[in-house]
Amino acid sequence: MRAVIVAAKGAEAEVREVMEDELLVGVGESGTVELDVLYSSYNYKDGMAINGGGRGILQSFPIIPGIDIVGTVTRSEDPKWSAGDTVVLNGDGIGESLHGGFATRARVRPDALVELPEALSPERAAALGTAGFTAMISVLQLEDAGVTTESGDVLVTGAAGGVGSVAVSLLAGRGYRVVASTGRVEEEGDYLRGLGAADLIDRHDLSDELGKPLQSERWAGAIDVAGSTTLANILAQMRYGGTVSACGLAQGMDLPTSVTPFILRGVTLTGANSVNAPRTLRQRAWDALAAELDLEKLDEMTTTIGLADTIPYAELILAGRTRGRTIVDVNR
Ligand SMILES: NC(=O)c1ccc[n+]([C@@H]2O[C@H](COP(=O)([O-])OP(=O)(O)OC[C@H]3O[C@@H](n4cnc5c(N)ncnc54)[C@H](OP(=O)(O)O)[C@@H]3O)[C@@H](O)[C@H]2O)c1
């Protein structure tokens, strides 16, 4: 098999041929389902894993990065899965503490696998990947909290990135008036309007200065990939009873806020976690993605790279210079 490998903490990632038995056992808890990997995808976290041999993401060594897999089952010790099934796996520790998807073969745990939805090709399921899955979890969180298309504008930050692009497209498809926050208004404005954004704002208006604890009420709902000052300002700008789904830390892990938006405006802050999502949520989110995502828009936001490209790509994604979603064709 061919794989990207990070041999030790701090080591440079490399692409090489390896004997399957050498690598697919012995890292964390071995899985019982073997796969031919068809595609993986590239997420911000993969950039963090590859760039600098871990940056806190990688937990075991040697390890194959890649937090997403779309693959064909070749052997299964679990009766739920049989040879020939095409399956999707996002998170569940792969590419962090268990071997991941930047390889031609994988051995994974059965419980977090989802059957490839009929409406999606393996490429498109990979294009969605963890970012798309997370965007859908956040959309479901807003709806479950009672944010409706009548409630008012919904903000999406990091809109030109992976989670952001899918979130804009999904929310617009559901009839929300979506405002996209991006650091690339000039460069990606047409792209974001094409995905369904009704309006754009410059992300620096949210990220650069911490405003007052309560600001003018603007957002009925928000999906935030940035954290830090951005999230604090969003909370201060929420309308009465609004909900924010926080799913990322592209600006930072801190959150310099106060209780004010919660106790004076009844704001809800909810968190999206794709890695440990229970099977029922995985199935719900994938069913919804398959049913409602505009596939032409998905194709417009997608780029494909090969296995060896995954190493230089880390720097690009961490610098916020990639757009939309990136498929990793592991056989290329
Ligand atoms: N909770 C989960 O389960 C989960 C799952 C997936 C991802 N995430 C997290 O969500 C975030 C986004 O992931 P992704 O895969 O969408 O990454 P991505 O494709 O790299 O997109 C991130 C986007 O954030 C914006 N951004 C970059 N630096 C920023 C800064 N300093 N301040 C504000 N915005 C900034 C950029 O968009 P613009 O150029 O449009 O501003 C960038 O394209 C990451 O932090 C990732 O770890 C979490």
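Bear in mind that the values here come from a model prediction, so they are computed numbers and not experimental data.

What counts, and where the lines are drawn
Each chain carries its own residue numbering, running from 1 in the written order of its sequence. Where local features are concerned, this predicted model is filtered to residues with pLDDT of at least 70; where side-chain atom pairs are given and counted, the filter is 80 or more; whole-chain, interface and lining totals use all residues. Note: side-chain values were computed over all heavy atoms of the structure, leaving out hydrogens and water. The criterion for strand pairing is that DSSP finds at least two bridges linking the strands in question. Each helix is a run of H or I in the DSSP string that is no shorter than four residues. Each strand is a run of E no shorter than two, and both are numbered from the N terminus. All axes are obtained by fitting lines to C-alpha atoms, using only the stretch in contact for helices, and the reported angles, taken between N-to-C directions, cover 0 to 180 degrees. Contacts are assigned to residue pairs with any non-hydrogen atoms lying within 4.5 Å of each other. Nearness is defined per residue: one heavy atom within 4 Å of the molecule or strand is enough. In protein, a polar contact means a hydrogen-donor-capable atom and an acceptor-capable atom, both N or O and within 3.5 Å, with residues adjacent in sequence counting only if both atoms are side-chain atoms; elsewhere, any N or O pair within 3.5 Å suffices. Charged means Asp, Glu, Lys or Arg here, nonpolar means Ala, Val, Leu, Ile, Met, Phe, Trp, Tyr, Cys or Pro, and polar covers whatever is left, Gly included. The nonpolar core is taken to be a set of buried Ala, Val, Leu, Ile, Met, Phe, Trp, Tyr and Cys residues, with the residues joined through side-chain atoms within 4.5 Å. For each residue, the accessible area found with a 1.4 Å probe, counting protein chains only, is set against the maximum for its type, and the residue is called buried under 20%, exposed over 50%, and partly exposed in between. Residue ranges assigned to the domains are those given by an automatic or database domain assignment. One side-chain nitrogen of Lys or Arg within 4 Å of one carboxyl oxygen of Asp or Glu is enough to make a salt bridge.

(A) Representation of the sheet that holds strand β12 (residues 238-246). Spatially, 6 strands are ordered β10-β9-β8-β11-β12-β13 in an open sheet, and the strand pairing comes out parallel. Lying at the two open borders of the sheet, with one neighbouring strand each, are β10 (199-202) and β13 (268-271). Sheet twist, expressed as the average angle between the axes of neighbouring strands with direction ignored, equals 20 degrees. Of the pairings in the sheet, the one linking strand β9 (residues 178-182) to β10 comprises 4 bridges and is parallel in character. For Thr 182, the partnering residue across the bridge sits in β10 and is Asp 202. Sitting on the sheet, helix α5 (residues 185-195) touches β9 and β10, and the angle it makes with β10 is about 155 degrees. Of the strands in this sheet, β8 (154-156), β11 (219-224), β12 and β13 touch helix α7 (residues 228-236), which is tilted by about 155 degrees from β12.

(B) The arrangement of the site of the ligand in detail. Taken together, 24 residues sit near the ligand, with Val 163, Thr 182, Arg 184, Cys 247 and Ser 274 positioned nearest. A distance of 3.4 Å is found between an oxygen atom of the ligand and a backbone nitrogen or oxygen belonging to Tyr 44. One of the side-chain N or O atoms of Arg 184 is found 2.8 Å from an oxygen atom in the ligand. Counting only elements with at least two residues in the shell around the ligand, the list comes to α3 (122-144) and α4 (162-173). Of the residues assigned to the shell around the ligand, the class counts are 11 nonpolar, 11 polar and 2 charged.

(C) How the structure looks around the environment of Leu 155. Among the structural elements, Leu 155 can be located in strand β8. Considered as a pair, Leu 155 and Leu 200 are 45 residues apart in the sequence and their alpha carbons are 9.3 Å apart.

(D) Geometry of the nonpolar core. Leu 128, Met 136, Val 168, Leu 170, Leu 171, Leu 192 and Trp 286 are the most contacted members of the largest nonpolar core, which has 51 residues in total. Top element by residues in this core is α3. It accounts for 12 residues. Each of domain 1 (2-116 + 301-329) and domain 2 (130-271) contributes no fewer than three residues to this core. Apart from the residues within four sequence positions on either side, Val 168 is in contact with Val 156, Ala 159, Val 178, Ala 180, Leu 192, Leu 195, Gly 196 and Ala 197. Judged by nonpolar contacts, the second largest core, of 38 residues, contains Val 4, Val 18, Val 87 and Val 328.

(E) Summary view of the side chain of Gln 141. Locating Gln 141 in the fold gives a position in helix α3. Here Ser 245 takes part through its side chain, which lies 2.8 Å from a polar atom of the side chain of Gln 141. With residues near it in sequence (within four places) discarded, Gln 141 still touches Ser 245, Thr 270, Gly 271 and Ala 272.

(F) Representation of the domain arrangement of the protein. The domain architecture assigned to the protein consists of domain 1 (2-116 + 301-329) and domain 2 (130-271). Each of domain 1 and domain 2 has a C-alpha centre, and these two points are 29 Å apart. Taken together, the contact between domain 1 and domain 2 spans 13 residues of the former and 16 residues of the latter. Here Arg 323 makes a salt bridge to Glu 188, at a shortest N to O gap of 3.0 Å. The interface formed by domain 1 and domain 2 includes 7 residue pairs in polar contact (both at pLDDT 80 or more). Among the residues forming the side of domain 1 that touches domain 2, the class breakdown is 3 nonpolar, 6 polar and 4 charged.

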